[in-house]
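# Structure assessment
Chain by chain, the residues run as shown.
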Amino acid sequence: MTNETVISAKSLDLTFQTNDGPVHALKDVNLNVTKGDFVSFIGPSGCGKTTFLRVMADLDQPTDGTITINGVSPKAARESRAYGYVFQSAGLYPWRTIGKNIRLPLEIMGISKSEQKERVEKVLKLVELEDFEKKFPWQLSGGMQQRVSIARALAFDADILLMDEPFGALDEIVRDYLNEQLLKLWHSTKKTICFVTHSIPEAVYLSTKIVVMSPRPGRIIDIIESDLPDKRPLEIRDTKEFIDIAQRVREGLRAGHSYE
Amino acid sequence: MNKSLIPIVTISMFIVLIWYAFSIVLNSSWALDKAERNNQKLSFSELVHDTWSQKKPKLPTPHQVGYEMWKTTFDKKITSKRSLVYHGWITLSATLAGFMLGTLLGVLLALAIVHDKATDLSVMPWIITSQTIPILALAPMIIVVSSSIGFTGLMPKAIISMYLSFFPIVVGMVKGLRSPDLLEIDQMKTWSASQFQILIKLRLPKSIPFLFTSLKLGMAASLVGAIVGELPSGAIAGLGARMLSGSYYGQTIQIWSALFAAAILAASLVGLISLIQAFVFKRMMIAQ
Ligand SMILES: Nc1ncnc2c1ncn2[C@@H]1O[C@H](COP(=O)(O)OP(=O)(O)OP(=O)(O)O)[C@@H](O)[C@H]1O
Ligand SMILES: [Mg+2]
């Protein structure tokens, strides 16, 4: 793994002006993500996880500080299709088949028909849904739909994957399975992943780096580099190393809450 | 299926019964006057028979209207001035022309309103104002103005139809084109989609259900517009003209049959749109 910096945020600030006064969503946020990292963002509701991801994606603008993606501004990165974004809801179009849903960004990007076909097949294989290309979204379970939405984000082969609680609405058994699948996918594609979650085990299981955040104002409390091995069977969650890291995350979360 | 048929049939029969009853009530004074002039006394059954078979009743009975419609539909050549099909076609062609113009105008306006803030702010109030002017006051002016610049026949009526039908289309399509939520628009943004791509791939498909609702309203409004356009003097053909000439000569049966022809026309046109809608929804996997 090289040490190339992919995402770099320096004293990032973001204040939303609302009718109830300003909301300080991000305060003095500093973070470096290197190529191939799997970074999890964890913290209580309202601590700015989504906002941070949206700033990376050029969907929200910071009010202060600098951020670069692949060395350029988020806007330039978005326009060069540097990242795929997976929202909490799958956001599939009911009038398009699974295959056509995955083609949607490819059509927008003007990729040739034959290449579209190739890529759809490739990413459907990655998320193990080869047989569902001709099905419609309503014929799939919630977990399958979320896998399709990941496949769609992978289809145009961006190096960065931004995922905002992609498994938040799923039950734990499906979640375990998708976590395993996501790790495999990360290994095979060598992508840089930023992943928002509310679950401590999920964050520890998946990540090379865990960013613990705290609300009002939204800020980073702790950044934990995980030394867990790259190969992670689900049983790793019972090892001492795993439990130690989970403990440190929990302490960070508690520290952020100490005023309550 | 059968369950829903029973109440429909019951209600229809009830309406027909009331209708016959009112025919007796409303037409009886004329029957009684006539009897008095001839120094006759009418029994109840004679009275009923008379009120149900007058030539110019105040309220014709369903069977009189039905017979008149049958006669003027099937027993007359469709090129005859007395054929209901002939008059129906005149009105239908103006309705369809106005409907198409109105749909085109409505969709174009909606596209402009959704994509341009200035258009939204400047044009929308005028669109709403346009519908507050009573069409009955406006129709004669449209006819006069367009005939003075050489438009007669179908065109002025189609313009009135358009004037009435573009409104539901604009309102529905603006709502439909704006129906994608913020998340869907953000998702498009992450792919750096252009406004045009967002329109084609997201806004238009999402506006289809709104479009069909608007089309049905627009079609009904178009028909009203075409008929209103036939009412000012000058028009000699069309269902509206039939109603008008019927009222000049006290031909109530003719008025009612033109009225029913218009209702049947409206129901068929809206029904046709519903059929197309069902087909499109099925293909697009939209629940009805
Ligand atoms: N567009 C906006 N306008 C105004 N305030 C906003 C906006 N987006 C987010 N906020 C506020 O910014 C703060 C951070 O929100 P954000 O959605 O980033 O939190 P989060 O960590 O993702 O929370 P959750 O875990 O519930 O998803 C919250 O107080 C929220 O109300
Ligand atoms: Mg969030």
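Residues numbered from 1 in each chain as written. Chains lettered and ligands numbered in written order. Predicted model: local features only at pLDDT ≥ 70, side-chain atom pairs only at ≥ 80, totals over all residues. Heavy atoms only, no water.

## Re a nonpolar patch on the surface
Residues and elements named next belong to chain B. Applied cut-off: Patch membership needs two things, relative accessible area over 30% and no salt bridge, and members are linked within 9 Å if like-charged or within 5 Å if nonpolar (Val, Leu, Ile, Met, Phe, Trp, Tyr). Working definition of accessibility: Shrake-Rupley area with a 1.4 Å probe, residue cover restricted to the visible protein chains. Every case where a carboxyl oxygen of Asp or Glu lies within 4 Å of a side-chain nitrogen of Lys or Arg is listed as a salt bridge. By definition, any uninterrupted DSSP run of H or I lasting at least four residues is a helix, any uninterrupted run of E lasting at least two residues is a strand, and each is numbered from the N terminus. Here's how the labels work: a residue is buried when its accessible area is under 20% of the maximum for its type, exposed when over 50%, partly exposed in between, all with a 1.4 Å probe on protein chains only.
Taken together, Phe-14, Leu-17, Ile-18, Phe-22, Val-25 and Leu-26 make up a surface patch of nonpolar side chains, about 600 Å² in accessible area. Within the fold, Leu-26 resides in helix H1 (residues 2-37). According to the relative accessible area criterion, Leu-26 is partly exposed, its value standing at 37%.

## Considering the domain arrangement of chain A
Residue and element names in this part refer to chain A. Short version of the rule: Start and end positions for the domains come from either an automated domain assignment or a database one. We call two residues contacting when some pair of their heavy atoms lies within 4.5 Å. Throughout, buried area stands for the accessible area (probe radius 1.4 Å) lost by two parts on being put together, summed over both. Polar contact is defined as a pair of N or O atoms within 3.5 Å, subject to the rule that within protein one atom must be able to donate a hydrogen and the other to accept it, and that residues adjacent in sequence are counted only when both atoms are side-chain atoms.
For chain A, the assigned domains are domain 1 (1-82 + 163-260) and domain 2 (88-157). The distance between the C-alpha centroids of domain 1 and domain 2 comes to 25 Å. Counting residues at the interface gives 17 residues for domain 1 and 14 residues for domain 2. Roughly 1300 Å² is buried in total at the junction of domain 1 and domain 2, and carbon and sulfur atoms are behind 62% of that figure. Connecting domain 1 to domain 2 are two salt bridges. The residue Glu-128 makes a salt bridge to Lys-184 at a minimum N-O spacing of 3.7 Å. Here domain 1 is connected to domain 2 by seven residue pairs in polar contact (both at pLDDT 80 or more). Among the elements of the structure, strand S6 (160-164) and helix H6 (172-189) are those that each provide at least two residues to the side of domain 1 that touches domain 2.

## Brief notes about the confidence of the model for chain B
Note the threshold: Values of pLDDT, which run from 0 to 100, indicate the predictor's confidence residue by residue.
Counting all residues, the mean pLDDT for chain B is 91, and 98% of those residues have values of 70 or more. Scoring of the predicted complex yields 0.87 for pTM and 0.90 for ipTM.

## Focus on the packing of aromatic side chains
What counts here: Pairing of aromatic rings covers Phe, Tyr and Trp, the last through its six-membered ring, and needs centres within 6.5 Å; plane angles under 30 degrees mean stacked, over 60 mean edge-to-face, and all others mean tilted.
Counted under the stated rule, the structure contains 13 aromatic pairs over all chains. Taken together, the ring pairs connect A:Phe38, A:Phe167, A:Trp186 and A:Phe195 into an aromatic cluster.

## With respect to the environment of A:Thr18
Residue and element names in this part refer to chain A. With respect to the helices, strands and loops of the structure, Thr-18 is situated in strand S1 (residues 5-18). The partly exposed category is assigned to Thr-18, whose relative accessible area is 35%. On a C-alpha basis, the gap between Thr-18 and Asn-179 in space is 36 Å, while along the polypeptide they are 161 residues apart.

## Topic: the interface of chain A and chain B
Across the boundary between the two partners, chain A contributes 25 residues, which contact 16 residues of chain B. Counting across the chain A and chain B interface gives two salt bridges. The shortest N-O distance in the salt bridge between B:Lys201 and A:Glu107 comes to 2.9 Å. Linking chain A with chain B are seven residue pairs in polar contact (both at pLDDT 80 or more). Contributing elements (two or more residues each) for the side of chain A that touches chain B: helix H2 (74-79), strand S5 (83-86) and helix H3 (98-108) of chain A.

## So, the environment of B:Met69
Residues and elements named next belong to chain B. Within the element layout of this structure, Met-69 appears in helix H3 (residues 62-74). Judged by relative accessible area, which is 16%, Met-69 ranks as buried. Spatially, the C-alpha atom of Met-69 lies 9.2 Å from that of Ser-83, the residues being 14 residues apart in sequence. Not counting residues within four places of it along the chain, the set of residues in contact with Met-69 comprises Leu-84, Ser-257, Phe-260, Ala-261 and Ile-264.

## Topic: the pairing of S5(A)
Residue and element names in this part refer to chain A. What counts here: When DSSP finds two or more bridges between a pair of strands, those strands are recorded as paired.
Along S5, one buried face is formed by Tyr-83 and Tyr-85 and the opposite face, lined by Gly-84 and Val-86, is buried too. In terms of strand pairing, S5 meets S6 through four bridges, oriented parallel. Across the sheet, residue Tyr-85 finds its bridge partner in S6, namely Leu-162.

## Describing the site of ligand 1
Residues and elements named next belong to chain A. Put simply, the rule is: A cutoff of 4 Å decides nearness: a residue is near a molecule or strand if any of its heavy atoms lies inside that distance of it.
Around ligand 1, the structure places 13 residues, and the nearest of them are Ser-45, Gly-46, Lys-49, Thr-50 and Thr-51. Cys-47 is positioned with one of its backbone polar atoms (N or O) 3.2 Å from an oxygen atom of ligand 1. The contact in question runs from an oxygen atom of ligand 1 to an N or O atom on the side chain of His-198, over 2.9 Å. In the complex, the protein chains occlude 62% of the 630 Å² of accessible area that ligand 1 would expose alone. Ranked by residues supplied to the shell around ligand 1, first place goes to helix H1 (residues 49-56) with three residues.

## A few points about the side chain of A:Thr51
All names here are of chain A. Considering the arrangement of structural elements, one finds Thr-51 in helix H1. With relative accessibility at 11%, the residue Thr-51 sits in the buried group. Excluding anything up to four places from it in sequence, Thr-51 contacts Leu-14, Phe-16, Ala-25, Leu-26 and Asp-60.

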